[in-house]
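Below, each chain spelled out in residue letters.
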Amino acid sequence: QVQLVESGGGLVQAGGSLRLSCVASVRGFSAISMGWFRQAPAMEREFVAAINWSDSNKYYGEFVKGRFTISRDNLESTVYLKMNSLKPEGTAVYYCAARQGDIQSAEGYDEYRYWGQGTQVTVSS
């Protein structure tokens, strides 16, 4: 069983930055692949970023365009999402997700078995 707790959301002006954190309560975090999704009101959940456990390959949604960076600290069982140049359309609840083993399809919602409760990010114009 994997429990995920996100933090770091908040209110930021357009062009600003935030760093989200997700702490995983699990034995063997280093063998867990992690991802971030977001969901705006009345919208479908959207893939943001993912990091594979075995080779640390990183994957990003098309809209990211170099503005976000995903990273992980296996000693702290934590994955981070650093977001720069935030835009108002980035306002959403951001969710941390996890799966055991390698990622097969990073953007697939069904790829991940475990989900956090989410953290709200609001970007003002």
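Keep in mind that what you see is a predicted model, and the values were worked out from it rather than measured.

If you look at the biggest cluster of nonpolar residues, it comprises 29 residues, and the most contacted ones within it are Leu4, Met34, Trp36, Val48, Leu81, Met83 and Tyr94. Those elements that place two or more of their residues in this core are strand S3 (18-25), strand S4 (32-39), strand S5 (46-51), strand S7 (68-73), strand S8 (78-83), strand S9 (92-100) and strand S11 (119-124). What Leu4 contacts, discounting residues up to four positions off in sequence, is Cys22, Val23, Ala24, Met34, Cys96, Ala97, Ala98, Tyr114, Trp115, Gly116 and Gln117. Of all hydrophobic cores here, the second largest spans seven residues; its members include Phe37, Ile103, Ala106 and Tyr112.

This part covers the pairing of S3. Taken together, the five bridges between strand S1 (residues 3-7) and S3 define a ladder with antiparallel strand orientation. Residue pairing in the sheet places Val5 in a bridge with Val23 of S3. In the sheet, S3 pairs with S8 via six bridges, with the strands oriented antiparallel. Paired with Leu18 across the strands is Met83, a residue of S8.

Counted by the stated rule, this structure contains seven aromatic pairs. Ring centres of Tyr112 and Trp115 lie 6.2 Å apart, and the angle between their planes is 75°; this geometry places the pair in the edge-to-face category. By relative accessible area, Tyr112 is classed as buried at 4%. Members of the aromatic cluster, joined through ring pairs, are Phe37, Phe47, Tyr109, Tyr112 and Trp115. Positioned over the ring face of Tyr95 is Arg45, at 3.8 Å from the centre of the ring.

We now examine unusual backbone geometry. A positive phi is found at Ala42, a non-glycine position, where the angle reads about 65°. Assignment of secondary structure puts Ala42 in the loop between S4 and S5. Residue classification places Ala42 among the exposed residues on the basis of a relative accessible area of 84%.

Our focus in this paragraph is the sheet that holds S7. Adjacent strands of a sheet form backbone hydrogen bonds with each other and so pair up, either parallel or antiparallel. Spatially, the four strands line up as an open sheet ordered S1-S3-S8-S7, and their pairing is antiparallel. With partners counted over all chains shown, the strands left at the sheet margins are S1 and S7, one partner each. The sheet shows a mean angle of 15° between the axes of neighbouring strands, taken without regard to direction.

Within the secondary structure layout, Arg67 lies in the loop between strand S6 (58-60) and S7. Buried charge without a partner: Arg67 forms no salt bridge, and the closest opposite charge is Glu89, 6.8 Å away. A polar contact of 3.2 Å, which involves the side chain of Arg67, links it to the backbone oxygen of Phe63. Dropping the residues within four chain positions of it, Arg67 is found in contact with Lys82, Met83, Asn84, Ser85, Leu86 and Lys87.

Below, the discussion takes up the state of the cysteines. Among covalent bonds in proteins, the disulfide is the one between the sulfur atoms of two cysteines. Following the criterion strictly, the structure yields one disulfide and no others. One disulfide bridge connects Cys22 with Cys96, the sulfur atoms lying 2.1 Å from each other. On the S-S bond that ties Cys22 to Cys96, the torsion sits near -80°, and the link is left-handed. Highlighted residues: Cys22 in strand S3 and Cys96 in strand S9, separated in sequence by 74 residues.

Calculation rules
Residues numbered from 1 in each chain as written. Predicted model: local features only at pLDDT ≥ 70, side-chain atom pairs only at ≥ 80, totals over all residues. Heavy atoms only, no water. Core = buried A, V, L, I, M, F, W, Y, C linked by side-chain atoms within 4.5 Å. Buried < 20%, exposed > 50% of the residue type's maximum accessible area, 1.4 Å probe, protein only. Helix = DSSP H or I, 4+ residues; strand = E, 2+ residues; numbered from the N terminus. Contact = heavy atoms within 4.5 Å. Pairing = 2+ DSSP bridges. Phe/Tyr/Trp six-rings, centres within 6.5 Å; stacked < 30°, edge-to-face > 60°. Lys NZ or Arg CZ within 6 Å of the ring centre and 35° of its normal. Axes fitted to C-alpha atoms, helices over the stretch in contact; angles between N-to-C directions. Lys, Arg positive; Asp, Glu negative; His and termini not counted. Salt bridge = Lys/Arg side-chain N within 4 Å of Asp/Glu carboxyl O. Polar contact = N/O pair within 3.5 Å; in protein donor to acceptor, adjacent residues only side chain to side chain. Disulfide = S-S within 2.5 Å.

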